[in-house]
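So the chains spell out like this:
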Amino acid sequence: MTRPVSIFWRIFFGGFAFVILLLLMLNFGWIGSMPDLEDIENPSASLASQVYAEDGILMGKYYIEDRINVQYKDISKHVIEALIATEDERFYEHSGIDARSLGRAFFYLGSEGGASTITMQTAKNLFTENWSTKNFILRGFQKIKECIIAVKLERNFTKEEILTLYLNTAAFSGNVYGIRNAAKTFFQKEPDRLKVEEAAVLIGMLKGATLYNPMRNQKLSFDRRNTVLNQMVRSKFLDAAEADQLKRQTIELNYKKLDETTGLGPYFRMILGEEMKKWCKENIKNNGDHYDLYRDGLKIYTTINPRMQMYAEESVAKHMSYMQKLFNTQPNIRTGSIWKGFESNLEQAIKQTDRWKNLKKEGLSDAETKRTFYEKIPMRVFAWNNNRGMDTLMTPFDSIKYHKQMLQAGFMVMDPLNGQIKAWVGGIDFKTFKYDHANINTKRQVGSTIKPLLYSLAIEEAGLTPNSEVQDVQQNFGEYGMVPNTSKTCTGARMPMAVALAKSRNCASAYIMKQLDNTANNGAKRFVEFLQKCELKTKIDPYPSIALGACEISLFEMMQGYSMFPGRGFNAKPMYITRIEDRNGNVLATFAPKRKEVISDVTAYSIIKMMQGVLTNGTGAGIWGYGIPAGLQVAGKTGTTNNNSDAWFIGYTPQYLAGGWVGCDDRFIRFNSKNGEGGRAAMPIWAYFFNKAAADPNCGIDTKLSFIKPDVMSNDIFIDYMNGTNPVLGGEGEDMGTGSSEDYEIPVNIKPEELGAESQYIIEDNKKPVDNKDKKTVVPPSSNIPGTKPADKPKTIMPPPIKKPGVNR
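Note that this is a predicted model, so its numbers are computed, not measured.

## Concerning the overall build of the protein chain
Along the backbone of the protein chain there are 26 helices and 25 strands. The buried share of the protein chain, reckoned over its 809 residues, is 54%. Taking the intrachain contacts of the protein chain between residues at least 6 apart in sequence as the baseline, contacts between residues at least 24 apart amount to 70%. Accessible area for the protein chain stands at about 37000 Å²; split by element, carbon and sulfur atoms hold 50% of it.

## Considering the packing of helix α3 (residues 77–87) against helix α10 (residues 218–234)
The angle between the axes and the distance between the axes are what describe a pair of packed helices. Relative orientation of the contacting elements α3 and α10 amounts to 90 degrees, with a least axis distance of 8 Å. On the basis of their axis angle, the class for α3 and α10 is roughly perpendicular. Facing α3, whose interface residues are His78, Glu81, Ala82, Ala85, Thr86 and Glu87, α10 presents Arg224, Val228, Gln231 and Met232. Residue composition of the contact of α3 with α10, grouped by class: four nonpolar, three polar and three charged.

## Quick word on the state of the cysteines
Put plainly, two cysteines are in a disulfide when a covalent bond ties their sulfur atoms together. All chains considered together, the criterion is met by one disulfide. Each sulfur in the disulfide pair cysteine 490 and cysteine 507 lies 1.8 Å from the other. As the torsion about the S-S bond is roughly -80 degrees, the cysteine 490-cysteine 507 disulfide counts as left-handed. With cysteine 490 in the loop between β14 (482–483) and β15 (494–496) and cysteine 507 in helix α21 (residues 506–520), the pair connects residues that are 17 residues apart, well separated along the chain. We classify cysteine 490 as buried; its relative accessible area is 18%.

## A word on the sheet that holds strand β5 (residues 176–177)
With mixed pairing, three strands are arranged side by side in an open sheet as β3-β5-β4. Two strands bound the open sheet, and with one partner strand each, they are β3 (66–67) and β4 (171–172).

## Considering the packing of helix α15 (residues 343–351) against helix α18 (residues 396–404)
It is the contact of α15 with α18, at a shortest axis distance of 10 Å, that shows an interaxial angle of 110 degrees. One way to sum up the angle between α15 and α18 is to call them roughly perpendicular. The segment α15 lies against α18, with Leu346, Ala349 and Ile350 engaging Phe397, Ile400, Lys401 and Lys404. Taken together, the residues of the contact of α15 with α18 sort by class into five nonpolar, no polar and two charged.

## Description of the sheet that holds strand β10 (residues 421–425)
Read from one edge to the other, the open sheet built from five strands follows the order β10-β9-β23-β22-β21, with strand pairing classed as antiparallel. Two strands in the sheet have a free side with no partner beyond their single neighbour: β10 and β21 (635–640). The sheet shows a mean angle of 5 degrees between the axes of neighbouring strands, direction not considered. Here six bridges tie β21 to strand β22 (residues 646–652), and the two strands are oriented antiparallel to one another. Of the residues in β22, the one forming a bridge with alanine 635 is tyrosine 652. Docked against the sheet, helix α24 (residues 601–617) engages β21 and β22, running at close to 65 degrees with respect to β21.

## A word on the confidence of the model for the protein chain
Low pLDDT marks stretches whose predicted atomic positions should not be read closely. For the protein chain, per-residue confidence averages 84 on the pLDDT scale, and 80% of positions sit at 70 or higher. Low pLDDT (under 50) marks residues 725–809, which in the prediction has 207 contacts with non-local residues, meaning those over four places away or in another chain.

## Let's talk about the pattern of salt bridges
Applying the stated criterion across every chain yields a total of 32 salt bridges. Put simply, glutamate 274 and lysine 277 hold a salt bridge, and the shortest N to O gap is 3.2 Å. One end of the pair, glutamate 274, and the other, lysine 277, are both in helix α12 (residues 266–282), three residues apart, so they sit about a helical turn from each other. On the basis of relative accessible area, lysine 277 is assigned to the partly exposed category, the value being 30%. Here aspartate 666 makes a salt bridge to lysine 404, at a shortest N to O gap of 3.1 Å. Placement of aspartate 666 in the loop between β23 (657–663) and α25 (678–681) and of lysine 404 in helix α18 is noted, with a sequence separation of 262 residues between them.

## Description of the nonpolar core
Within the largest apolar cluster, 155 residues are counted, with the highest numbers of intra-cluster contacts made by Phe411, Trp424, Phe527 and Phe565. No other element matches the eleven residues that helix α13 (residues 306–328) contributes to this core. By size, the runner-up hydrophobic cluster in this structure holds 44 residues, among which are Val70, Leu83, Ala123 and Leu238.

## Digging into the packing of aromatic side chains
Under the definition given, this model contains 25 aromatic pairs. Taken together, a centroid distance of 5.1 Å and an interplanar angle of 15 degrees make the contact between tyrosine 52 and tyrosine 301 stacked. Taken as a pair, tyrosine 52 in strand β1 (residues 49–52) and tyrosine 301 in strand β6 (residues 299–302) lie far apart in primary sequence, 249 residues in all. A ring pair is formed by phenylalanine 382 and phenylalanine 433, whose centres lie 5.4 Å apart and whose planes are at 75 degrees; its orientation type is edge-to-face. Residue phenylalanine 382 is located in the loop between β7 (377–381) and β8 (390–394), and its partner phenylalanine 433 is located in the loop between β10 and β11 (443–445); the two are separated by 51 residues in the primary sequence.

## Side note on the environment of isoleucine 459
One can find isoleucine 459 in helix α19 (residues 451–461). Since its relative accessible area comes to 13%, isoleucine 459 is described here as buried. Along the sequence, isoleucine 459 and isoleucine 512 sit 53 residues apart, while their C-alpha atoms lie 10.0 Å from each other. Those residues in contact with isoleucine 459, other than ones at most four positions away along the chain, are Leu464, Met497, Thr603, Ser606, Ile607 and Met610.

## Concerning α10
Spanning 17 residues, α10 covers 24 Å between terminal C-alpha atoms, matching the ideal 24 Å at 1.5 Å per step. Among all positions in α10, only Ser221, Arg224, Arg225, Asn226, Val228, Leu229 and Met232 are buried. Those residues of α10 hidden inside the fold are in contact with α3, α9 (196–205) and α11 (240–247). Just downstream of α10 lies lysine 236, where phi reads positive at about 65 degrees.

Parameters at a glance
Residues numbered from 1 in each chain as written. Predicted model: local features only at pLDDT ≥ 70, side-chain atom pairs only at ≥ 80, totals over all residues. Heavy atoms only, no water. Helix = DSSP H or I, 4+ residues; strand = E, 2+ residues; numbered from the N terminus. Buried < 20%, exposed > 50% of the residue type's maximum accessible area, 1.4 Å probe, protein only. Contact = heavy atoms within 4.5 Å. Areas by Shrake-Rupley, 256 points an atom, 1.4 Å probe, with all protein chains shown as cover. Axes fitted to C-alpha atoms, helices over the stretch in contact; angles between N-to-C directions. Parallel < 35°, antiparallel > 145°, perpendicular 65-115°, else oblique. Nonpolar A, V, L, I, M, F, W, Y, C, P; charged D, E, K, R; others polar. Disulfide = S-S within 2.5 Å. Pairing = 2+ DSSP bridges. pLDDT = per-residue confidence, 0-100. Salt bridge = Lys/Arg side-chain N within 4 Å of Asp/Glu carboxyl O. Core = buried A, V, L, I, M, F, W, Y, C linked by side-chain atoms within 4.5 Å. Phe/Tyr/Trp six-rings, centres within 6.5 Å; stacked < 30°, edge-to-face > 60°. Expected span 1.5 Å × (residues − 1).

What follows is the structure in structure tokens.
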């Protein structure tokens, strides 16, 4: 053997041995990572966790990659055929590697098509998603790994399973992963219902998710779809004549992407997400790892009723849009003088913005950074229109003030018998205002809404009844001083306790607290203990002024406290999760109602009767002007804190309990008129909700049901609301809350048209206002609930005639 020949064979066998050694090293993960056999036999991609309403409607998802798996039988054959025709014509003939495509790619350097088979692409999607690199040599090693994994996949899975794995992990346009999400996002269809031309659009995206996104590049997407249709004709999956007809059609999308700001209950889903993160940290999978909300594809079933949630969001929008118009006419809001003396609040707000933090990171001084806040720039701000925003030219400083002057709201609906939350609205617009005003950590002064709890304790332990006579007189609590701190609102009158609650007399409530003092030595301390028994977790100091609601409690907690009234003495802990399943449908956890008896059935019924009086003869009498359905039995309580910083209304029917709060995040930003009272600012939301929900059979509200009188009571409770009433018993004292839909105060120097399109009206000889024909009400977009009609447009809020300042109700 000549020397050159010897050298040739040495190089040949040496190279061959090197290749074998390289393959072995790659196979066993000695060069870079390589999934083991168990991972390949049980492949798993990051899956979005899904949130479902009580009727099974998908409300939202938590994800890093928006992906939901489906089975092969749930995928249209058009999708399968389009995929094979476009990506891998010989898919059913090879065993993971297509030698012909590999040779073509090598010879033409990829200009005539790639070498990757569907199986190789599946391997990349499942196991090499973090291997992306522009380095030619490294990419070569990665390709070899993909080939090795592809062969292993072919040995462990059928062709159908590989196709399903690929379509479940493929990346489509708009950061959408998996064929089901793609079909739902672009066409609002399940993947088994996709037409040929729709399948061609989706499969066309696989060549370039951004390039062929039909939402951005319609022409390129159109051409790519037609290319896919041509490939289907070539592979004999589609008739040429049919393809020609389809290619002439434009792409018709029904695009709707579900993200954190869209869909039902975005505030609720944010709170649910935080709760689920805690659950994941406390629970461990079979492999010893903690559950991951964003990757493990959990299925979370909630108590939310989609119809009620929709009506709750619409009711908040309907009333708050009008209230904001009224608020904007207030002189100190119009002129900006509301900020006088609170400049430090704005300074603090400026330094909390991303703009400030980013500019400081870039090295700008405080003065240079602050200067940028006073330069007008194009921006988008919140607005009460159908898009919940508008483009404008404004300084960042003015935008901070503008958004802080927006009235906020929290509203919640609950079944008082089992604690299941049916609707949750945490604010006026989640996209702009992320802070949730309904959750347990948001605490505001509750005002007179505390009184039913105080009165129930007085019935239980002080021997009082709805008809017990109380005095509307300022009380001396020794070291704690006088309650209330002024006697101006005290009438000195005697009246039944029910009348005191109906009229929300602060001095009478102080009198009742004093009676508890006589019974328990320290009435305030006993009341705090009672509130704790009601499962209010907030730390409340035992001062006598808590009888007037001078304590901060969350709407969430107040809902639980009130549940004992329609719950016949039993307190129900609010709950919003019924069960949690893993990606395969195995139940991981279930949740049951938690109830406990706090007061007697007789006491609960007594409070119900008294709270009905609030709405028939007291501070909530205006509720009937908002279209409460005939026959619906209701009871409730208004609440207004000092200076109108907080407006409350919590009420219930025999079936459902609902509560609302309205105010600004900064408490010094508030109404300086009676428009800020609970009966005007908060109660209408409640009324609008029940007006809509009661009219919808799907909500199951029975207007014929009544509150049940306990069997031990031989006679019903009769309350004489004229007893003790005199001309000065018209309000809530310091926290007035009377009012109706016909009793909003509009400044006399404000023209009606300045209130905006939502609230224009015509006055005709002091008669009821007449709507303008072209008037529009700002309402949120109708939720897309399968099998239902879009929500009816709420009736326009009709403002009342202009009233002269100083004129009493």
